[in-house]
Amino acid sequence: MADIKDLSIFNRSPNGMNKIKKQSSAKNETTSPSKSKLDVNDRIVEEMPVVTIPKNKTKKAKRSVGAPIKNHDRSHSSMQPIKLSPILNSTSRSMVEKYETGLNKDELLRKGLDLYIKQNLTKEDKIDLLNDVTRDLDLFREKHPTIEMVDEEGEIIKTAKQIEDDTINDLRKRWGIDN
């Protein structure tokens, strides 16, 4: 390392790089076994050809890239991080790690909001909130459309409209709004 100035790596002439390559090849030659040390068994192994048997092509399920989709309605996925206060961030992280291990932070906070809405808002306030949320979700879905649920053969299991209706009905149920 101390001889780096003498190698002239950064000059236009490749003298330094040639010197490095020579040292590297000399080092490789000293570490590789010499031909005289090889015995008969090693020569036989080197001469045997490798035969590969082609596998039968099997039909594999189509794999998509990325994390598996939990819910096809993209309104359930977080698009940007939420700026939380340190106490709320710490509390939600600890709750997810210790007590509610089946949830992530987003689901835990959604569960807490659902419980608050169910217990503290009147029926009229819940309906007004649901209308506001529905309007916001419609705006969101213009940019990020809902994904249709499709099986492996490409047949549609649920349409985007059915998935969106299920989301609204799920909110109604969680908030305690009777139809």
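Residues numbered from 1 in each chain as written. Predicted model: local features only at pLDDT ≥ 70, side-chain atom pairs only at ≥ 80, totals over all residues. Heavy atoms only, no water.

This part takes up the pattern of salt bridges. Side-chain pairs of opposite charge can arise where the charged atoms are in close proximity. In total, this model carries nine salt bridges according to the counting rule given. Among the salt bridges present, the one from aspartate 166 reaches lysine 158, with a minimum N-O distance of 2.6 Å. On the basis of relative accessible area, lysine 158 is assigned to the partly exposed category, the value being 30%. Arginine 174 serves as the salt-bridge partner of aspartate 170, at 3.0 Å between the closest nitrogen and oxygen. Residue aspartate 170 and its partner arginine 174 are located together in helix 6 (residues 160-175), separated by four residues, close to a single helical turn. (Salt bridge = Lys/Arg side-chain N within 4 Å of Asp/Glu carboxyl O. Buried < 20%, exposed > 50% of the residue type's maximum accessible area, 1.4 Å probe, protein only. Helix = DSSP H or I, 4+ residues; strand = E, 2+ residues; numbered from the N terminus.)

Judged by nonpolar contacts, Ile117, Leu130, Leu171, Trp175 and Ile177 together constitute the single largest core of five residues. Residues within four places of leucine 171 in sequence aside, it is in contact with Leu130 and Val133. (Core = buried A, V, L, I, M, F, W, Y, C linked by side-chain atoms within 4.5 Å. Contact = heavy atoms within 4.5 Å.)

A separate point is the environment of leucine 137. Residue position: leucine 137 is located in helix 5 (residues 123-143). According to the relative accessible area criterion, leucine 137 is buried, its value standing at 13%. Through-space distance from the C-alpha of leucine 137 to that of isoleucine 168 is 9.8 Å; in sequence the pair is 31 residues apart.

Turning to the confidence of the model for the protein chain, a few remarks are in order. If pLDDT is low for a region, its predicted coordinates should not be looked at in detail. Confidence in the prediction for the protein chain averages 74 pLDDT; 61% of positions are at 70 or higher. Looking over the protein chain, one finds the lowest element-wise mean pLDDT in helix 2 (residues 40-47), namely 51, and the highest in helix 5, namely 91. (pLDDT = per-residue confidence, 0-100.)

Bringing helix 4 (residues 105-120) into the picture now. For helix 4, which comprises 16 residues, the first-to-last C-alpha distance of 22 Å matches the rise-based estimate of 22 Å (1.5 Å per residue) to within 8%. Listed in full, the buried residues belonging to helix 4 are Leu108, Asp114 and Ile117. On its buried face, helix 4 is in contact with helix 3 (86-99), helix 5 and helix 6. Of the residues flanking the start of helix 4, the one acting as N-cap is asparagine 104, its side-chain oxygen 3.2 Å from the backbone nitrogen of aspartate 106. (Expected span 1.5 Å × (residues − 1). Polar contact = N/O pair within 3.5 Å; in protein donor to acceptor, adjacent residues only side chain to side chain.)

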